[in-house]
Amino acid sequence: MSSSTKYVDPAFQGVGQKVGTEIWRIENFQPVPLPKSDYGKFYSGDTYIILQTTSGKGGAYLYDIHFWIGKESSQDESGTAAIKTVELDSILGGRAVQHRELQGFESDKLLSYFKPCIIPLEGGFASGFRKPEEEKFETRLYVCRGKRVVRMKQVPFARSSLNHDDVFILDTEKKIYQFNGANSNIQERAKALEVVQYLKDTYHEGKCDVAIIDDGNLQAESDSGEFWVLFGGFAPIGKKIISEDDVVLETTPSRLYSIVDGQLKLEEGTLSKAMLENNKCYLLDCGAEIFIWVGRVTQVDERKAASKVAEDFIISQNRPKTTRITQVIQGYETHSYKSNFESWPVGTATGTSGGEEGRGKVAALLKQQGIDIKGLSKGSPLNDEVPPLLEGGGKLEVWCINSSAKSPVPKEEIGKFYSGDCYIVLYTYHSGEKKEDYFLTCWMGNDSIQDDQMMASQLANTMWSSLKERPVQGCIFQGKEPPQFIALFQPMVVLKGGISSGYKEFIAEKNLNDETYTSDGIALMQVSGASVHNNKAVQVDAVATSLSSTDCFILQSGNSLFVWNGSSSNFEQQQWAARIAEFLKPGVALKHVKEGTESSAFWFALGGKQSYTSKKIKQDIVRDPHLYTFSFKKGLINVNEVFNYSQDDLLTEDMLLFDTHAEVFVWIGHSVDSNEKQNAFDIGQKYIELAVPLEGLSPHAPLYKITEGNEPCFFTTYFSWDPAKAMVCFMVLELYLVSFLFE
């Protein structure tokens with residue numbers, strides 16, 4: 001780094017050491033820490049720097065730096081904020097994502113830090129602040145927009161500011177009024193009510209009155225009369241006037257420029273990650289947003305210059321001043337940046353802890369529950385930690401797909417899955433005091449034919465509809481079985497071949513050998529996992545090279561049954577292996593074999609002794625979960641992240657995507673159109689196709705659709721979930737709808 005990085009501004013001493021928000025205001029061209037009591041208040045004459053620190057995958061800190069520019073702040077102040085942002089990033093190791101934020105056009109990510117909203121205020125440091133006791137209360141009128149993050153804008157206190165399409169808040173000294181435009185969104189009304197409560201608690205010490213005024217309600221009410229008197233008496237209000245605030249900037253085809261000595265050079269060809277060199281900076285023009293990509297080995301001065309190039313680019317291209325600028329560092333690119341490239345091969349991000357590997361979904365679940373996983377060593381066993389599983393004691397039914405029908409699997413055979421077949425599993429259970437809940441899923445074998453897969457999905461959809469759309473419906477592929485699925489079967493065994501007519505016809509047409517498991521042939525089963533949620537046996541090739549010192553194996557040779565215990569296997573695995581052997585061949589005497597003590601008969605059944613591995617297979621990297629809204633443009637899915645998500649973001653009129661990287665959920669609100677509900681799996685599959693090249697998601701990740709009010713424990717564990725809240729929110733929205741009918 002250059003010499004400019006040696007100086008650390010005193011205001012930035014010790015930053016980024018804890019999760020949360022830190023804010024500085026630019027005063028006399030220096031960053032000054034803002035008191036916590038002023039967080040959320042932004043003066044239009046000022047410029048601010050906001051640092052958000054979060055605990056990412058594996059416990060490493062992740063940083064977002066936003067510099068907020070008030071509409072009346074000076075160019076010098078905004079320039080200072082931009083420079084100080086780069087300096088702050090340097091102190092944090094040069095890996096923060098940087099965002100330029102303009103008043104009134106803030107990003108959803110920034111707004112998500114301040115619940116329920118940012119309060120825009122007139123004035124600023126340069127014009128002088130009055131002490132609270134010197135201030136006279138000023139009546140303010142705000143327009144309040146947004147279903148998840150609220151955008152508050154102060155507008156002139158005049159009737160002409162009102163319209164039928166928006167929600168307004170009039171904050172007076174004695175009472176706060178919420179005016180609901182006749183055409184306003186129900187969710188915006190609910191969010192505005194949260195803002196009203198916030199204003200009451202923050203600026204009125206919780207002591208003022210609150211009134212809701214409904215546009216078009218001409219009944220004589222004292223609150224309504226008081227409201228209109230403040231505007232000089234009741235009179236019709238006009239239509240909404242479109243302003244620059246309402247103009248949505250268009251996203252254009254992405255163009256990549258390299259930045260060399262402050263000049264831009266267009267990079268030709270299809271955008272790919274390989275085009276980005278780690279000793280350069282690049283500008284990615286997406287129309288509505290400009291990205292600066294910074295290579296890992298670039299200097300601080302180069303990064304500052306790149307930010308200036310982006311500002312000049314907006315001016316030279318006559319772009320709206322509201323065009324967003326975001327700077328990302330190599331290895332910490334955001335989804336919105338990567339989505340502009342055809343693919344984004346997954347690599348190891350700079351600064352990523354190696355200890356995050358092998359912890360799997362359990363660690364992710366622990367993290368969501370607020371448990372610090374940084375203290376877990378690489379070798380820490382997680383088998384004792386059981387992820388959320390479905391309530392036991394339910395009714396388990398399994399069907400195998402056979403042509404155009406489903407055949408019940410006999411009770412004694414439940415738990416056996418053939419890789420050439422497809423199955424439907426229905427588990428009926430009770431969670432708490434609720435009525436019956438359902439877990440309905442298809443299981444697709446790796447060697448199953450497409451016709452059987454389609455038939456399984458079709459029949460499962462019919463079952464979902466017949467059960468009034470209440471079941472959690474899933475699609476699970478062999479090898480990607482989640483804990484709550486495996487735990488239903490005690491034990492679960494995946495066998496070679498298939499027993500369905502479709503599979504038999506397929507191998508006959510292709511002249512393939514039928515390797516379907518038989519109870520009197522030679523077969524080798526690998527037993528992995530040692531707990532109820534991960535104990536699974538899979539038939540592998542019956543050769544010595546299939547063995548592994550870390551697992552247990554069951555070798556079937558005619559009437560002989562060996563249980564081979566690898567030298568690194570544990571006692572629990574060995575117990576499961578014996579149990580699975582009894583499940584496969586009840587009553588047959590077992591021959592227990594420790595690694596290194598094998599008989600000639602054992603090696604003969606495997607075709608002779610050969611070398612095999614002693615290394616444990618690496619688990620998937622732990623990833624943070626993400627909630628997305630989505631839309632379609634020209635048949636392609638486009639997703640937008642809901643930052644700092646909570647249960648409140650699951651809105652009843654929406655469908656949302658939730659990606660844990662281990663599983664993908666399509667959440668369906670009560671008020672979603674029935675035809676759209678039927679497309680849930682198609683939407684989820686399109687998202688998976690998008691995330692495979694960009695995020696390294698498995699193309700066979702488990703996919704579920706879940707309906708509002710029927711969320712299972714393995715979904716709600718990622719939220720601070722309140723079952724009562726979901727019911728209350730639905731009832732409130734129902735009351736709103738009823739009130740509309742009677743207006």
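To be clear, the structure that these remarks concern was listed above.
Model, not experiment: these values are computed from the prediction.

S.K.: In this structure, what is going on with the overall build of the chain? I would like to understand it.
M.R.: Looking only at helices and strands, the chain has 16 helices and 34 strands in total. In the chain, which comprises 743 residues, the share counted as buried stands at 51%. The contacts in the chain between residues at least 6 apart in sequence include a share of 66% that link residues at least 24 apart. Of the roughly 35,000 Å² of accessible surface on the chain, a fraction of 51% belongs to carbon and sulfur atoms.

S.K.: Where do I start with the packing of aromatic side chains in this structure?
M.R.: By convention here, two paired aromatic rings are described through the distance between centres and the angle between planes. With the rule as written, the count across this model stands at 50 aromatic pairs. Ring centres of F417 and F489 lie 5.1 Å apart, and the angle between their planes is 85°; this geometry places the pair in the edge-to-face category. With F417 in strand β20 (residues 416–418) and F489 in the loop between α9 (483–486) and β24 (492–495), this residue pair connects regions lying 72 residues apart in the sequence. Feature note: the residues F439, Y645, F658, F665, Y704, F714, F715, Y718, F719 and W721 constitute an aromatic cluster, connected by ring pairs. Across the ring face of W399, the terminal group of K406 is positioned such that the distance to the ring centre comes to 5.5 Å. Over the ring of F583 we find K416; its NZ or CZ atom is 5.5 Å from the centre of that ring.

S.K.: Any chance you could explain the sheet that holds strand β28 (residues 560–565) here in plain terms?
M.R.: Strand pairing in a sheet relies on backbone hydrogen bonds, with the paired strands running either antiparallel or parallel. Spatially, the 7 strands line up as an open sheet ordered β20-β24-β26-β25-β27-β28-β29, and their pairing is mixed. Strands at the two margins of the open sheet, each flanked by one partner only, are β20 and β29 (590–594). For this sheet the average axis-to-axis angle between neighbouring strands, irrespective of direction, equals 20°. Both β24 and strand β26 (residues 536–540) contribute to a ladder of 3 bridges, which runs parallel. Each residue of the ladder has a partner; that of V494, found in β26, is V538.

S.K.: Even after reading the chapter, I still don't get the environment of L162, so can you show me in this structure?
M.R.: Looking at the secondary structure, you find L162 in the loop between β9 (151–155) and β10 (167–171). As a C-alpha pair, L162 and P236 span 74 residues in sequence and 9.9 Å in three-dimensional space. Every residue in contact with L162, bar those within four places of it in the chain, is listed here: L141, F168, F179, F227, W228, F231, I237 and G238.

S.K.: It is not clear to me how helix α11 (residues 571–584) should be interpreted in this structure. Could you clarify?
M.R.: Each α-helix winds once per 3.6 residues, and so residues spaced three or four apart point in a common direction. When the terminal C-alpha atoms of α11 are compared, their 20 Å separation across 14 residues agrees well with the 20 Å that a helix rising 1.5 Å per residue should span. When we look at burial in α11, the residues that qualify are Q573, W576, A577, I580, A581, F583 and L584. Buried residues of α11, seen end-on, are gathered within an arc of 155° and therefore sit on one face of the element.

S.K.: What am I meant to see in helix α8 (residues 450–466) here?
M.R.: A rise of 1.5 Å per residue sets the reference length of α8, with its 17 residues, at 24 Å; its end C-alpha atoms lie 25 Å apart and thus fit the reference within 8%. Taken as a whole, α8 has its buried residues at D452, M455, A456, L459, A460, M463 and W464.

S.K.: Before we go on, may I ask you to explain the pairing of strand β22 (residues 436–444) in this structure?
M.R.: Moving residue by residue along a regular strand, the side chains alternate between the two faces of the sheet. Counting buried positions over the 9 residues of β22 gives 8, a clear majority of the element. With 9 bridges connecting them, strand β21 (residues 422–430) and β22 associate as antiparallel partners. Following the sheet pairing, H430 is matched in β22 by E436. Sheet analysis places β22 next to strand β23 (residues 472–477), joined by 6 bridges and oriented parallel.

S.K.: Explanation requested: the packing of helix α1 (residues 75–91) against helix α5 (residues 300–316) in the structure shown.
M.R.: For any two helices packed against each other, the geometry comes down to the angle between their axes and how far apart the axes lie. Here α1 crosses α5 at 145°, and the two axes come no closer than 10 Å. Judged by the twist between their axes, the crossing of α1 over α5 is right-handed. Judged by residue contacts, I83, V86, E87, D89 and S90 of α1 engage V300, R303, K304 and S307 from α5. Partitioning the contact of α1 with α5 into residue classes produces 3 nonpolar, 2 polar and 4 charged.

S.K.: How should I be thinking about the sheet that holds strand β14 (residues 263–266) in this particular structure?
M.R.: Pairing is mixed across the open sheet formed by 10 strands, whose spatial order is β2-β1-β4-β5-β6-β17-β16-β15-β13-β14. Bordering the open sheet on either side are β2 (30–33) and β14, each of which pairs with just one other strand. In this sheet, adjacent strand axes meet at a mean angle of 25° when their direction is disregarded. Pairing between strand β13 (residues 255–260) and strand β15 (residues 281–285): 5 bridges, direction antiparallel. Paired with S258 across the strands is Y282, a residue of β15.

S.K.: Can you walk me through the pairing of strand β17 (residues 324–329) in this structure?
M.R.: Within β17, 5 of the 6 residues are buried, leaving the element largely enclosed by the surrounding structure. Bridging between strand β6 (residues 97–102) and β17 involves 3 bridges; their strand directions are antiparallel. Its bridge partner being in β17, R100 is matched across the sheet by I325. As paired elements, strand β16 (residues 289–294) and β17 share 6 bridges and run parallel to each other. When the bridges of β17 are listed, W293 appears paired with V328.

S.K.: Please explain the pattern of salt bridges as it appears in this structure.
M.R.: Pairing between side chains becomes possible if they bear opposite charge and their charged atoms approach one another. Scanning all chains against the criterion turns up 30 salt bridges. For K175, the salt bridge identified is with E226, shortest N-O distance 2.8 Å. Taken together, the residues span a long stretch of sequence, with K175 in strand β11 (residues 175–180) and E226 in helix α4 (residues 222–230) at a distance of 51 residues. Since its relative accessible area comes to 12%, K175 is described here as buried. In this structure, the salt-bridge partner of E413 is K416, at a minimum N-O distance of 3.4 Å. Salt bridges sharing common partners tie together D9, K84, E87 and K304.

Quick notes on the rules
- Residues numbered from 1 in each chain as written.
- Predicted model: local features only at pLDDT ≥ 70, side-chain atom pairs only at ≥ 80, totals over all residues.
- Heavy atoms only, no water.
- Helix = DSSP H or I, 4+ residues; strand = E, 2+ residues; numbered from the N terminus.
- Buried < 20%, exposed > 50% of the residue type's maximum accessible area, 1.4 Å probe, protein only.
- Contact = heavy atoms within 4.5 Å.
- Areas by Shrake-Rupley, 256 points an atom, 1.4 Å probe, with all protein chains shown as cover.
- Phe/Tyr/Trp six-rings, centres within 6.5 Å; stacked < 30°, edge-to-face > 60°.
- Lys NZ or Arg CZ within 6 Å of the ring centre and 35° of its normal.
- Pairing = 2+ DSSP bridges.
- Axes fitted to C-alpha atoms, helices over the stretch in contact; angles between N-to-C directions.
- Expected span 1.5 Å × (residues − 1).
- Arc of directions from axis to C-beta.
- Left-handed = near helix turned anticlockwise from the far one by under 90°.
- Nonpolar A, V, L, I, M, F, W, Y, C, P; charged D, E, K, R; others polar.
- Salt bridge = Lys/Arg side-chain N within 4 Å of Asp/Glu carboxyl O.

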